[in-house]
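Here is how the chains run, residue by residue.
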Amino acid sequence: MTTAISVHQVAKRFGSVEALAGVDLAVAEGEFFGLLGPNGAGKTTLISALAGLVRVDSGRIEVMGCDVVADYRAARRQLGVVPQELVFDPFFSVRETLRIQSGYFGIRGNDEWIDEILENLDLSSKADANMRTLSGGMKRRVLVAQALVHRPPVIVLDEPTAGVDVELRQTLWQFIRRLNRDGHTIVLTTHYLEEAESLCSRIAMLKAGRVVALDSTANLLRRFSSHALRLRLAPGALLPPAAALRATEKDGICSLSFDRFDEIEPILAELRVAGCTLEELEIGKPDLEEVFIRVMHGLQGDRG
Amino acid sequence: MSGFRTLFYKEVLRFWKVATQTVAAPVLTALLYLLIFSHVLESHIRVYGTVSYTAFLIPGLVMMSVLQNAFANSSSSLIQSKVTGNIIFVLLPPISYREFYAAYVLAAVVRGLVVGFGVLVATIWFAPLEVDNPLWVLAFAVLGGGMLGSLGIVAGIWADKFDQLAAFQNFLIMPLTFLSGVFYSIHSLPPFWQQLSHFNPVFYMIDGFRHGFFGVSDVSPWLSLSIVGACFVLLGMLTLFMLERGYKLRN
Ligand SMILES: Nc1ncnc2c1ncn2[C@@H]1O[C@H](COP(=O)(O)OP(=O)(O)OP(=O)(O)O)[C@@H](O)[C@H]1O
Ligand SMILES: [Mg+2]
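Note that this is a predicted model, so its numbers are computed, not measured. (Residues numbered from 1 in each chain as written. Chains lettered and ligands numbered in written order. Predicted model: local features only at pLDDT ≥ 70, side-chain atom pairs only at ≥ 80, totals over all residues. Heavy atoms only, no water.)

Turning our eyes to something else, we now look at the overall build of chain A. Counting secondary structure elements, chain A contains 11 helices and 14 strands. Taken over the C-alpha atoms alone, chain A extends approximately 75 × 45 × 40 Å along its principal axes. Counting all 304 residues of chain A, 53% fall into the buried class. Pairs at least 24 residues apart make up 71% of the contacts formed inside chain A by residues separated by at least 6 positions. Carbon and sulfur atoms make up 50% of the accessible area of chain A, which amounts to about 13,700 Å² in all. Distance between charge centroids for chain A: 4 Å, based on 35 positive and 41 negative side chains. (Helix = DSSP H or I, 4+ residues; strand = E, 2+ residues; numbered from the N terminus. Buried < 20%, exposed > 50% of the residue type's maximum accessible area, 1.4 Å probe, protein only. Contact = heavy atoms within 4.5 Å. Areas by Shrake-Rupley, 256 points an atom, 1.4 Å probe, with all protein chains shown as cover. Lys, Arg positive; Asp, Glu negative; His and termini not counted. Charge placed at Lys NZ, Arg CZ, Asp CG, Glu CD.)

Structure follows, in structure tokens:
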């Protein structure tokens, strides 16, 4: 397989902030790749560097083998970017916006493809509406449409589902999945980790400008354990110290990871001794959120 | 090449869609200047011996409108795009910095010429006016508009906020255009101010432009053309240098 995106030792500072501290990444053609990390991790900076919106201090980036600085014209033709910020040009209608965007890429008479994109993003009825009159979610869809006018083989989406309703999220993912099946490489950043878990085949986690985890989603999920024991304690109850150490908590559910089922008994025994009352108990697979939290706390996992 | 064409088209469409503000308003402003100044000064002043004050004023107002509107077009378009963030739409496609420059400057020239023409049509009824040499008229209008369009790019990129752009406009563009001989022949000025005017490139634009109408001017049109041409090239180089480095745009 060829490489859709390769990032070599890329560093970028903003004053005293080290936004990217030597990032190395490669995304293969046809991949559905997730770029995760907390606020300020450097995801948008990396995407901006990829798109030529910021110049990096050192390192090299290629899109489909084209250097984004030396061969920027070819590189930008290969790349469609959905920016994180909700931006639009209030002077134009949806269709005008898309026609102009096509023209910037040297494409004329693009209406057939524009209509298809509009249809797929459920925007057909708004084609002639002025951008100003659209709701936030609709504006976001137009941003997606704008990134696709030139049929780029590589599509990068920076938090495309922020502020988007459930229904559109479904339509959007259906559409993006189809593009991926048709051979487009997709790079996605999102703070909805279930979304990343179900969509991405490989994931990079970024923290303070560094890649702290880079693996297939399946391997990442297995990194710390094979199973997870999820408990909801009665109000006021606390986990005993030994169990608390290996637990992560979210929405009142404590999650403990384990590899073999015979590890459950000692845990439960410990809880009983400590006098904890359980309201709910569930055994399942560890989810990406648990893995994410552990990685961000600096754990590497002994199985990865 | 088509990226350039679309960007140029978009820039023209942008001001044309709000033509009341971008074309009609400056034409009205120029007309008011003409009515007031010519009413007050017509009977007192004669220029170059034979030219009536109103006839003298008209080309000055036309050229001033060309310059101010060329500047306004590129600068306001860029600052709006930067502040709202939609500048990203022209930074993502494969548009070179030269195409970017050419599209913004050319659209600024078009806006300048459209407004200038509007001012001419609105004011020409007030005094007999003949065109001695339309080539001078066109050359100075295009070069002057191009130069101010270029300056508009510099200002639009440099300014981070609207008030910084307004400062640029109030403290640089307005004094340069008002103190350039739009409303008077610099020969009527005291020697010190006359000398100072010779350091103002806008003076040569107005003077050369006027020469196209009357066939007479304060300085030779060839001198004006050389100075305006040199300023245009220098400013163009500076602007292209800024764009190539991605100053404030790609950072
Ligand atoms: N133009 C800029 N000037 C100064 N600092 C910046 C600039 N852009 C980004 N930064 C800083 O660089 C760091 C990385 O920011 P970036 O936007 O890449 O984060 P992110 O991972 O996209 O975060 P989020 O999830 O919040 O979108 C942050 O500390 C941010 O403050
Ligand atoms: Mg971001």
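Picking up where we left off.
Attention now goes to the domain arrangement of chain A. Examined at the domain level, chain A breaks down into domain 1 (3-78 + 152-221) and domain 2 (226-285). Each of domain 1 of chain A and domain 2 of chain A was reduced to a C-alpha centroid, and the two centroids are 35 Å apart. (Domains from an automatic or database assignment.)

All names here are of chain A. A sheet is described by the order of its strands in space; here 4 strands give the open sequence β12-β13-β11-β14, paired in antiparallel fashion. Sheet topology places β12 (247-250) and β14 (278-284) at the edges, where each strand pairs with a single neighbour. Here the strands of the sheet are splayed against their neighbours by 25° on average, with no regard to which way each runs. Sitting on the sheet, helix α10 (residues 264-273) touches β11 (227-233), β13 (253-258) and β14, and the angle it makes with β14 is about 165°. Contacting β11, β12 and β13, helix α11 (residues 288-296) crosses the sheet at an angle of about 115° to β12. (Pairing = 2+ DSSP bridges. Axes fitted to C-alpha atoms, helices over the stretch in contact; angles between N-to-C directions.)

What follows deals with the coordination of the magnesium ion (ligand 2). Note on metal sites: the ideal angle is 109.5 degrees for four tetrahedral donors, and 90 or 180 degrees for six octahedral donors. Residue and element names in this part refer to chain A. Here the magnesium ion (ligand 2) is held by T44 (OG1) and Q84 (OE1), and the distances to it run 1.8 to 2.1 Å. Of this pair, T44 sits in helix α1 (residues 43-51) while Q84 sits in the loop between β6 (79-82) and α3 (94-104), placing them 40 residues apart in sequence. Residue class for T44 comes out partly exposed when judged on its relative accessible area of 31%. Residue class for Q84 comes out partly exposed when judged on its relative accessible area of 29%. (Donors = N, O, S within 2.8 Å, 3.2 Å for Na, K, Ca; no water.)

All names here are of chain A. As a structural note, the neighbourhood of ligand 1 is formed by 14 residues, with N39, G40, K43, T44 and T45 the closest of them. In the model, an oxygen atom of ligand 1 is placed 2.8 Å from a nitrogen or oxygen of the G40 main chain. A distance of 2.9 Å separates an oxygen atom of ligand 1 from a polar atom in the side chain of H191. In the complex, the protein chains occlude 64% of the 630 Å² of accessible area that ligand 1 would expose alone. For the shell around ligand 1, the secondary structure elements donating two or more residues are β2 (17-28) and α1. When residues of the shell around ligand 1 are assigned to their parent elements, the largest contribution, 3 residues, is made by α1. In the shell around ligand 1, the residues fall into 5 nonpolar, 7 polar and 2 charged. (Near = heavy atom within 4 Å. Polar contact = N/O pair within 3.5 Å; in protein donor to acceptor, adjacent residues only side chain to side chain. Nonpolar A, V, L, I, M, F, W, Y, C, P; charged D, E, K, R; others polar.)

Along the chain, E96 of chain A turns up in helix α3. Sequence separation between E96 of chain A and R55 of chain A is 41 residues, and the spatial gap between their C-alpha atoms is 30 Å. In this structure, E96 of chain A is in contact with F91 of chain A together with L13 and K17 of chain B, ignoring residues within four places of it in sequence. Only 2.9 Å separates the side chain of E96 of chain A from the backbone nitrogen of S93 of chain A, close enough to count as a polar contact.

Together, E119, D122, D165 and E167 of chain A make up a region of like negative charge exposed at the surface. Checked against the element boundaries, D122 of chain A lands in the loop between α4 (111-120) and α5 (136-148). (Patch = residues over 30% accessible without salt bridge, like charges linked within 9 Å, V, L, I, M, F, W, Y side chains within 5 Å. Salt bridge = Lys/Arg side-chain N within 4 Å of Asp/Glu carboxyl O.)

All names here are of chain A. The geometry of α3 relative to α5 is characterised by a closest axis approach of 9 Å and an angle of 25° between their N-to-C directions. One finds that α3 runs roughly parallel with respect to α5. Considering how the two elements wind past one another, α3 and α5 form a crossing that is right-handed. Residues V94, T97, L98 and Q101 of α3 lie in contact with α5, whose contacting residues are V142, A145 and Q146. (Parallel < 35°, antiparallel > 145°, perpendicular 65-115°, else oblique. Left-handed = near helix turned anticlockwise from the far one by under 90°.)

Let us now look at the pairing of strand β10 (residues 210-216) of chain A. Residue and element names in this part refer to chain A. Taken together, the 6 bridges between strand β9 (residues 202-207) and β10 define a ladder with antiparallel strand orientation. Within β10, the position partnered with I203 by the bridge is D215. Adjacent in sequence and paired antiparallel, β9 and β10 are bridged by 2 residues, among which A208 carries a positive phi angle near 45°.

Glancing now at the interface of chain B and chain A. On the chain A side, the residues contacting the 30 residues of chain B number 29 residues. Buried surface at the junction of chain B and chain A, both sides included, amounts to about 2,700 Å², of which 59% is carbon and sulfur. At the junction of chain B with chain A, the criterion picks out 2 salt bridges. The closest approach of N and O atoms between E96 of chain A and K17 of chain B, which form a salt bridge, is 2.8 Å. Taken together, chain B and chain A are joined by 15 residue pairs in polar contact (both at pLDDT 80 or more). Where the side of chain B that touches chain A is concerned, the elements lending two or more residues are α1 (2-17), α3 (53-84), α4 (88-91) and α10 (221-245) of chain B. No other element matches the 9 residues that α1 of chain B contributes to the side of chain B that touches chain A. Classifying every residue of the side of chain B that touches chain A by side-chain character gives 12 nonpolar, 10 polar and 8 charged. (Buried area = accessible area lost by both parts, 1.4 Å probe.)

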